[in-house]
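Chain by chain, the residues run as shown.
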Amino acid sequence: MNPPDVIIVGGGPSGVICATTIAKQGYSVVIIDRKSHDKIGDKTCGDAVDKAALQRVFDGIATEFPNGDEVTDIITKMSVAVHEIDNKITLDAPGFLVDRLIYGQRLLKEAEEAGVRVIDSANVKQLIIEEIDGEKYVSGVKYLKKGEHSLSAKFVIDASGAYAVVRKSLPDELVKHGMKKELSEDEQWPSYREIIELKEDHRFANEIILKYDNDFPPPGYFWIFSKGKQRLNVGIGWAKSQKELGPMRNAYLKEMEKYYPRDSYTVLKQGGGQIPFRVPFDNLVFNGGALVGDAACMVHPVTAEGHGPALDTAWRLGNVIVKALKADNRSMHQLWEYNVEISRHYGRKHTESEILRRMIEDIGTDGLNFLFNAHIFKEEELNLIFSGDEIVLSKLDIVKRIIRLMRKPRLLLKIKKIMGMIDQSKDIFANYPKTSDGIEDWRTLRNNKLNMNY
Ligand SMILES: Cc1cc2nc3c(=O)[nH]c(=O)nc-3n(C[C@H](O)[C@H](O)[C@H](O)COP(=O)(O)OP(=O)(O)OC[C@H]3O[C@@H](n4cnc5c(N)ncnc54)[C@H](O)[C@@H]3O)c2cc1C
């Protein structure tokens, strides 16, 4: 095979959208995925996709929203429950529950129609590295498919999800400015999920629910997502470091018993999965390539929503790669623009949510319960925690809140500090450096002001 312009490792949502974006602009792209062609797109997932991210993808490359049998339920609301499933706050959250395989196969077909070649059932194992003017560049991959093969390209994109096979295989010299090969145990989230069919219909139509409980304290949570009539997508997850919580499936079954006895439903699918659970790396590019989707840690650090960000960041990366191909420049500096774009949107949004997640971890489920019941946060403010929208507080709002929190001065102080950091983060991320020159100073400033150590 002639070397393509771009190799994309992984044909999940981020891989196919990035490939389509590049191929539509006249460049040759190969997707390599270890799954067989008919399974590409399938994944153990909560299956929820946020409509706002899909809208950005539509505006970017005109990819249609999920439709027909790709959709298993239309979502209008997200509820956050503490202790009891009905002790909840409900927010507007337009989106879809999708069939990952059917939707993923449609996106793959669109990529192939745009000219993308797919090498399926092929496991990428290693990178090909070359040296140009004393600097290392990624210039291809080695993969196993009935024997070992090599394929070269001008760019290699890591869209291999939580496995992040390209990122983990990079030479150390290319892993810099906040990128990491391996995630810590706090930054990885194993999870267990079942898709079930109930004997009778459920009461969660059009709703997704995240539930916090003392049995699996934040950041862990249990979820119930409506998957249409009589069907639910239910799961549980927590940080790998929360080892004291014991076997995950046991905790899941114990929680499920509270709502549905085991004989009231049939399990249609079950399985586990890994979620990278941290803010995006400060740098997602290297000489000869870049990271996208889960490999770039684009998952929301409170809700674990990663499907929308994977799609949305992928077309943006595709456009930056096309610019670099036109400029015939494969350097990290040429690709830096992708960092700037991602950091100003997902960098800021996910960092603000991460700050709030730390607060939830700190105050625990009982503190969160107090905040809900004392109406300390309004719905639109909770949107900040769970989806990352901006909040603006009037002076009257602040005074009212202070009065309600008078009896809990320590909580009041914590919230004041958190709100101060969120306020500062807007300026910090607006000033993400336009070139790699200022990145280390920026990282130090961000870490100091937002009390982080990334
Ligand atoms: C249990 C669970 C529940 C979730 N729930 C939600 C949810 O409700 N909403 C939401 O928005 N997000 C959810 N997510 C996250 C979401 O699934 C991901 O963010 C999204 O799939 C990321 O897309 P991606 O393309 O980056 O990676 P993936 O979808 O993981 O695709 C990666 C692809 O790379 C391929 N690959 C991996 N290694 C190699 C290799 N060595 N060689 C070749 N190919 C390789 C894989 O076969 C796969 O096709 C959940 C995740 C899990 C695990």
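A quick note: this is a predicted structure, and the numbers were derived from the prediction, not measured.

S.K.: Looking at this structure, how should I read helix α6 (residues 307-327)?
M.R.: Along an α-helix, a turn takes 3.6 residues, which lines up residues three or four apart on a common side. Compared with the 30 Å implied by 1.5 Å per residue over 21 residues, the 31 Å span of α6 between its first and last C-alpha is a close match. Counting buried positions along α6 gives 17 out of 21 residues, so the element sits mostly inside the fold.

S.K.: I'm lost on the domain arrangement of the protein in this one. Help?
M.R.: Much of the literature gives interface size as the accessible area that the parts lose upon coming together. As far as domains go, the protein holds domain 1 (6-71 + 98-182 + 278-346), domain 2 (185-276) and domain 3 (349-449). The interface of domain 2 with domain 3 comprises six residues on the first partner and eight residues on the second. For the pairing of domain 2 and domain 3, the buried interface totals around 590 Å² over both sides, and the portion due to carbon and sulfur atoms is 69%. In this assembly, domain 2 and domain 3 are joined by zero salt bridges. Where domain 2 touches domain 3, the interface holds one residue pair in polar contact (both at pLDDT 80 or more). Looking at the side of domain 2 that touches domain 3 residue by residue, the classes come out as four nonpolar, one polar and one charged.

S.K.: Explanation requested: the environment of Lys35 in the structure shown.
M.R.: Mapping Lys35 onto the fold places it in the loop between β2 (29-32) and β3 (48-50). Spatially, the C-alpha atom of Lys35 lies 5.9 Å from that of Asp120, the residues being 85 residues apart in sequence. When sequence neighbours within four positions are dropped, the list of residues in contact with Lys35 reads Ile40, Asp42, Asp120 and Ser121. Side-chain polar atoms of Lys35 contact the backbone oxygen of Asp42, separated by 2.7 Å.

S.K.: How do you make sense of the site of the ligand when you look at a structure like this?
M.R.: The local shell around the ligand holds 37 residues, among which Ser14, Asp33, Gly46, Ala48 and Asp294 are the closest. Here a nitrogen atom of the ligand sits 2.7 Å away from a polar atom, N or O, in the main chain of Gly46. A distance of 2.8 Å separates a nitrogen atom of the ligand from a polar backbone atom of Ala48. In the complex, the protein chains occlude 96% of the 1,000 Å² of accessible area that the ligand would expose alone. Secondary structure elements with two or more residues in the shell around the ligand: α1 (13-23), β7 (123-132), β13 (221-226), β15 (265-276) and α6. With three residues, the top contributor of residues to the shell around the ligand is β15. Of the residues assigned to the shell around the ligand, the class counts are 15 nonpolar, 14 polar and eight charged. The two domains that each donate at least three residues to the shell around the ligand are domain 1 (6-71 + 98-182 + 278-346) and domain 2 (185-276).

Rules used throughout
- Residues numbered from 1 in each chain as written.
- Predicted model: local features only at pLDDT ≥ 70, side-chain atom pairs only at ≥ 80, totals over all residues.
- Heavy atoms only, no water.
- Helix = DSSP H or I, 4+ residues; strand = E, 2+ residues; numbered from the N terminus.
- Expected span 1.5 Å × (residues − 1).
- Buried < 20%, exposed > 50% of the residue type's maximum accessible area, 1.4 Å probe, protein only.
- Domains from an automatic or database assignment.
- Contact = heavy atoms within 4.5 Å.
- Buried area = accessible area lost by both parts, 1.4 Å probe.
- Salt bridge = Lys/Arg side-chain N within 4 Å of Asp/Glu carboxyl O.
- Polar contact = N/O pair within 3.5 Å; in protein donor to acceptor, adjacent residues only side chain to side chain.
- Nonpolar A, V, L, I, M, F, W, Y, C, P; charged D, E, K, R; others polar.
- Near = heavy atom within 4 Å.
- Areas by Shrake-Rupley, 256 points an atom, 1.4 Å probe, with all protein chains shown as cover.

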